[in-house]
Amino acid sequence: MRNLIYKEIKIALHPTAPLFLLLSALLLIPNYPYEVIFFYTCLAVFFHCLSGRENHDIEYSLLLPIQKKSIVQARFLFVILLQMIQVLVSIPFVFLRNYLIPEGNQAGMDANIALFGNVFFLMGIFNLIFFVLYYRNPDKVGKAFGISSIVFFTVMVILEALVFTVPFFRDQLNTRDPMYLSQKLIMLVVGVVLYVIFTGIAYRKSISTFEKLDF
Amino acid sequence: MSVLSVSGLSKSYPSFSLKNVSFELQEGAITGFIGRNGAGKTTTLKSLLNFVHPDKGEIQFFGQSFQEHEFEIKQKIGFVSGGISFYPKKKLRTITSVTKRFYPQWDEAAYKEYLKRFELDEDKVPDSLSAGMKVKYSLALALSHRAKLLLLDEPTSGLDPVSRDDLLDVFLDLVEENGVTILFSTHITSDLEKCAEEILYLRRGEIIGRGKLKEFQNQFVLCNFSKEQMTEPLKSYLAGYKREKEGFSALFYKDHLPEGNFDYYPADLESIMIHLEKGELA
């Protein structure tokens, strides 16, 4: 698996993947729907898979002395790694933003712990839809990305709408840390758990469909 | 123990079926796998490595089932499909640096030697290589992990005659010097006459001939006939026939010849293939 991850980084990596990590700096914008920043990582995942199609990455990988399912395992590990790095890189920007800008975010959820609950939930949804569709037919990666993006943004808009309409979201979650810390931590845990469940389902489904594909 | 044993391999598509393909490869021999385009050669080769899932059939490499020993078996084989199509913009050096990590028995000295022998520049990218050089790079990768069996899917297609001949010399050297076993699919039959010992002939998804190349060829003779001579009784003896500028040329099994004095002459592989295919279509 270590060699496959090395392959993902050394030859399969699309240059936008590391570049988009830097877009965590968008957290410094005072008023912005911060969940969008994490969509860029999903975009990088799409470019990575698209570039894989153009470079015949699956055909190359199939020739290697590995099991077929290892190709899917490596791709999932790489994507989870990328998403975790994105979260880690964004944390200092959250602190910096809140240090520099005392006002809350007028365009959506504040840059706080609950925001990361939303982010994990959204990334989990993206993984679930994108990878299940992608591994049904890796040549139609654009279709997988189109559908998963629509769902991502729809859910994101609903989450942002909750911030303006539902008192619990508006008055407790959409506040500066460490106010209502326990509620925000619950939100974070729920997001992480859903991320794990959705990504786990996507992984199992992807392995099963990919095994059946002919090349 | 045979290097590769295939038994009852079948795969159905809506417009094509691979039917009960069975054969064995003996160690240290070049086996030519012939058949016209669309006969099922690539499907067969891909089925061997599970790129295509066969409907049924048993495949064993080195006496081991591929399903159960995929990792070990892939260490011992090299699959070359008409040169590389992957990572066309990456330097060969980079592709190699990734690929070799997967092979514990990678022989760097042998790799350098093959680069030198094939005149490959590691700073080039696959896109800038000729078709022949791409095949040679694939071979260098396969041979540097000490592949004992090479599955070559039309490696000489699209190459000029000199490059083809060069490549055939390489195959002969590999068998003589390294004892490598080669299964070599092609529709260019003259290539096989130069280097193959054994032959597998696939027509419309079915093996219709296998064994020693010379013995296969010696089963047949050719003869030319005028239009008037091509009578219905004569046709019942034919293995195949095709039109010529004047009359017909006909292929017969040596043990099933018509009565009468005709001028028979030996059949080469290309003639056998053309006559069998055309005769079937007629």
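Quick caveat, the model's predicted, so the values are computed rather than measured.

1. Quick word on the overall build of chain B
Each helix and strand counted, chain B has 10 helices and 14 strands in total. Here the C-alpha radius of gyration of chain B, 21 Å, is about what a compact globule of 282 residues would show, namely 19 Å. Projected onto its principal axes, the C-alpha coordinates of chain B cover approximately 65 × 40 × 35 Å. A fraction of 70% describes how many contacts in chain B between residues 6 or more apart in sequence connect residues 24 or more apart.

2. Examining the domain arrangement of chain B
Residue and element names in this part refer to chain B. Split into domains, chain B comes out as domain 1 (4-215) and domain 2 (219-281). Each partner contributes residues to the interface: domain 1 has seven residues there, and domain 2 has six residues. Counting residues per element, the side of domain 1 that touches domain 2 draws most heavily on helix H7 (residues 189-195), at four residues.

3. A few points about the pairing of strand E2 (residues 17-25) of chain B
Residues and elements named next belong to chain B. Relative to E2, strand E1 (residues 4-12) runs antiparallel, the two sharing six bridges. When the sheet's bridge partners are listed, serine 12 is paired in E2 with serine 17. Hairpin remark: E1 followed by E2, antiparallel, with four residues in the connecting loop.

4. Examining the interface of chain B and chain A
Taken together, the contact between chain B and chain A spans 18 residues of the former and 19 residues of the latter. Contributions of two or more residues to the side of chain B that touches chain A are made by helix H2 (70-76) and helix H3 (92-99) of chain B. Sorting elements by how many residues they give to the side of chain B that touches chain A places H2 of chain B first, with four residues. Of the residues belonging to the side of chain B that touches chain A, the class tally is 10 nonpolar, four polar and four charged.

5. Remarks on the nonpolar core
Grouped together as the largest cluster of nonpolar side chains are 138 residues, with contacts concentrated most on Leu122 and Phe130 of chain A together with Leu150, Leu151, Ile182 and Leu251 of chain B. Broken down by element, the residue count for this core peaks at 18 residues, all from helix H6 (residues 113-134) of chain A. Per-domain counts for this core show at least three residues from each of domain 1 (4-215) and domain 2 (219-281) of chain B. For leucine 122 of chain A, the contacting residues outside a window of four places in its chain are Glu35, Phe38, Phe152, Val155 and Met156 of chain A.

6. Looking at the sheet that holds strand E13 (residues 248-253) of chain B
Strand pairing within a sheet occurs via backbone hydrogen bonds; the two strands may be parallel or antiparallel. Spatially, the four strands line up as an open sheet ordered E12-E13-E11-E14 (chain B), and their pairing is antiparallel. Both edges of this open sheet fall to strand E12 (238-243) and strand E14 (265-266) of chain B, since each of them pairs with a single strand only.

7. Let's talk about helix H5 (residues 131-144) of chain B
Because an α-helix completes one turn every 3.6 residues, residues spaced three or four positions apart along the sequence face the same direction. All names here are of chain B. Counted at 1.5 Å a residue, the expected span for H5 with its 14 residues is 20 Å, and the 20 Å between its end C-alpha atoms agrees. For H5, the tally of buried residues reaches 13 of 14 residues, placing the bulk of the element in the interior. At the C-terminal side of H5, arginine 146 shows a positive phi close to 60°.

Thresholds applied
- Counting restarts for each chain, with residues numbered from 1 along the sequence as it is written.
- Starting at A for chains and at 1 for ligands, labels are handed out in the order in which the entities are written.
- It should be noted that, the model being predicted, local features are given only for residues of pLDDT at least 70 and side-chain atom pairs only at 80 or more, the latter also being counted only at that level, while totals for whole chains, interfaces and linings use all residues.
- Secondary structure elements are taken from DSSP: a helix is a run of H or I of four residues or more, a strand is a run of E of two residues or more, and numbering for both begins at the N terminus.
- Only C-alpha atoms enter the radius of gyration; for comparison, a globular chain is expected to reach 2.2 Å times N to the power 0.38, where N is the number of residues.
- Contact between two residues is assigned whenever their backbone-derived C-beta positions fall within 7 Å.
- Domain borders in the structure are assigned automatically or taken from a domain database.
- We treat two strands as partners when DSSP finds at least two bridges between them.
- Gly falls in the polar group here, along with every residue not listed as nonpolar (Ala, Val, Leu, Ile, Met, Phe, Trp, Tyr, Cys, Pro) or charged (Asp, Glu, Lys, Arg).
- By our criterion, buried Ala, Val, Leu, Ile, Met, Phe, Trp, Tyr and Cys residues that link up through C-beta atoms within 7 Å make up a nonpolar core.
- Our exposure labels follow a C-beta count within 10 Å of each residue's own C-beta, placed from the backbone: buried means 20 or more other C-beta atoms, exposed means 12 or fewer, and partly exposed covers the counts in between.
- By definition here, a helix of n residues has an expected span of 1.5 Å times n minus one.

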